[in-house]
Amino acid sequence: MHTVRTQLDLFQFVVPRIAPHFTVYAFDLPGFGWSDIRDGAIPDEPSLRAKMKEALALLALTRPILVGESIGATLSLSIAADLGQGVARVVAFNTYDYLPGLERANLLASVIVKSVRAPIIGPVFAALENRPILAGIMSGGVYDPKSWPADLLDEFNRVGKRKGYPAVARGVMKALPSFVAAQASYSRIRVPVTLVWGEMDWSSLQDRAAVERAVPAPKIINLGRSGHFISVEKPEDFADIVVEAANRRPIQ
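Cut-offs and rules
- Residues numbered from 1 in each chain as written.
- Predicted model: local features only at pLDDT ≥ 70, side-chain atom pairs only at ≥ 80, totals over all residues.
- Heavy atoms only, no water.
- Buried < 20%, exposed > 50% of the residue type's maximum accessible area, 1.4 Å probe, protein only.
- Helix = DSSP H or I, 4+ residues; strand = E, 2+ residues; numbered from the N terminus.
- Pairing = 2+ DSSP bridges.
- Right-handed = clockwise from strand over helix to strand, strands pointing away.
- Phe/Tyr/Trp six-rings, centres within 6.5 Å; stacked < 30°, edge-to-face > 60°.
- Core = buried A, V, L, I, M, F, W, Y, C linked by side-chain atoms within 4.5 Å.
- Contact = heavy atoms within 4.5 Å.
- Axes fitted to C-alpha atoms, helices over the stretch in contact; angles between N-to-C directions.
- Salt bridge = Lys/Arg side-chain N within 4 Å of Asp/Glu carboxyl O.
- Patch = residues over 30% accessible without salt bridge, like charges linked within 9 Å, V, L, I, M, F, W, Y side chains within 5 Å.
- Areas by Shrake-Rupley, 256 points an atom, 1.4 Å probe, with all protein chains shown as cover.

## As for unusual backbone geometry
- For the bond from Leu99 to Pro100, the omega torsion is 5°, close enough to zero to count as cis.
- Phi at Arg5 is positive, roughly 60°, even though this residue is not glycine.
- Residue classification places Arg5 among the buried residues on the basis of a relative accessible area of 7%.

## Structural notes on the pairing of strand 3 (residues 193–198)
- Along strand 3, 6 of the 6 residues are buried, which leaves the element largely enclosed by surrounding structure.
- The side-chain alternation of strand 3 yields two buried faces, one formed by Val193, Leu195 and Trp197 and the other by Thr194, Val196 and Gly198.
- Pairing between strand 2 (residues 89–93) and strand 3: 4 bridges, direction parallel. Bridged to Val90 within strand 3 is Val193.
- Bridge analysis of strand 3 against strand 4 (residues 219–223) gives 5 bridges, and the strand direction is parallel. Within strand 4, the position partnered with Trp197 by the bridge is Asn222.
- In terms of handedness, the path from strand 3 via helix 10 (residues 205–214) over to strand 4 forms a crossover that is right-handed.

## Looking at the packing of aromatic side chains
- By the definition in use, this model includes 8 aromatic pairs.
- Between Phe32 and Tyr165, the aromatic rings sit 6.1 Å apart at their centres with planes inclined by 90°, giving edge-to-face as the arrangement. In this pair, Phe32 sits in the loop between helix 1 (15–18) and helix 2 (45–59) while Tyr165 sits in helix 8 (residues 165–174), placing the two residues 133 residues apart along the sequence.
- For the pair Phe93 and Phe238, a centre-to-centre distance of 3.7 Å together with 5° between the ring planes defines the contact as stacked. With Phe93 in strand 2 and Phe238 in helix 12 (residues 235–245), this residue pair connects regions lying 145 residues apart in the sequence.
- Taken together, the ring pairs connect Tyr96, Tyr98, Trp148, Phe156, Trp202 and Phe229 into an aromatic cluster.

## Examining the nonpolar core
- Core analysis: the biggest nonpolar cluster contains 71 residues, and Leu77 and Trp148 have the highest contact counts within it.
- No other element matches helix 3 (residues 71–83), which puts 7 residues into this core.
- Sequence-distant contacts of Leu77, defined by excluding residues within four places in its chain, comprise Val90, Ala92, Thr95, Tyr186, Ile189, Val193, Leu195 and Val215.

## Re the sheet that holds strand 4
- Spatially, 4 strands are ordered 1-2-3-4 in an open sheet, and the strand pairing comes out parallel. Two strands close off the open sheet at either side, each with one partner strand: strand 1 (65–69) and strand 4. Sheet twist, expressed as the average angle between the axes of neighbouring strands with direction ignored, equals 10°.
- With 5 bridges connecting them, strand 1 and strand 2 associate as parallel partners. Residue pairing for strand 2: Gly68 is matched across the bridge by Ala92.
- Strands strand 3 and strand 4 of the sheet are contacted by helix 10, whose axis makes an angle of about 175° with strand 3.

## Things to note about the pattern of salt bridges
- One pass over the structure, following the stated rule, counts 14 salt bridges.
- The residue Glu103 makes a salt bridge to Lys114 at a minimum N-O spacing of 2.9 Å. Placement of the pair is Glu103 in the loop between strand 2 and helix 4 (107–117) and Lys114 in helix 4, with a sequence separation of 11 residues.
- Given a relative accessible area of 14%, Glu103 falls into the buried group.
- Put simply, Glu103 and Arg117 hold a salt bridge, and the shortest N to O gap is 2.3 Å. With Glu103 in the loop between strand 2 and helix 4 and Arg117 in helix 4, this residue pair connects regions lying 14 residues apart in the sequence.
- What emerges from the salt-bridge pattern is a single network uniting Glu45, Arg49, Lys53, Asp82 and Arg188.

## Points about a nonpolar patch on the surface
- A cluster of nonpolar side chains, contributed by Ile120, Ile121, Val124, Phe125 and Leu128, occupies part of the molecular surface with about 500 Å² of accessible area.
- By secondary structure assignment, the location of Phe125 is in helix 5 (residues 122–127).

The quantities given are spatial measurements derived from coordinates; they are silent on function.
Right, dumping it as structure tokens:
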């Protein structure tokens, strides 16, 4: 599961590396990527969690491994809290459950995100996004800005021009407190969890410690020379961690 302002293509370098080991389902979260945009839909954590649980039920998956990055990581954990032994385990890369979130990426992100969240002018700023602005913000999510593939940024930019998409992007940014609140559910998880942090992730050491305390007995991995989007700049490590996590012994 991906995060805000991205889509399933975020994992274009990861899926081929894990497909020999698993059947892989990569989702566009509701309203993101090329999924349907429904008027009035609120992309907050409870709504996205409910939709993803519906998708898992529709696919009739038997105890899937949930893997997510950023918001996708938070959703993976909150879904596991709800489903109990209905999932096998969770691999959560750089959970997105703290304030102010994306605003920490860089100065450009701070200015744009604050403006997008603001009343009255927010929709105007959301609609003004273009490829240079998108690339500038995304560069704050990786250790090496050159690691962003041009074709991936082009794809994100195309999606951003869809009718109704700016409202979705603004909605999820305004809904950040609901993802922070999801952390309260982590203590109910009863399956193995691997927490992965990029060295230069936006989360502070205090933010990470709070998640590590909330999740029962997690395995913790810290990756050097990486930022928020590990799937983009270190897809080999991302894939290796997922494969290794599948062999971790259940919580007794």
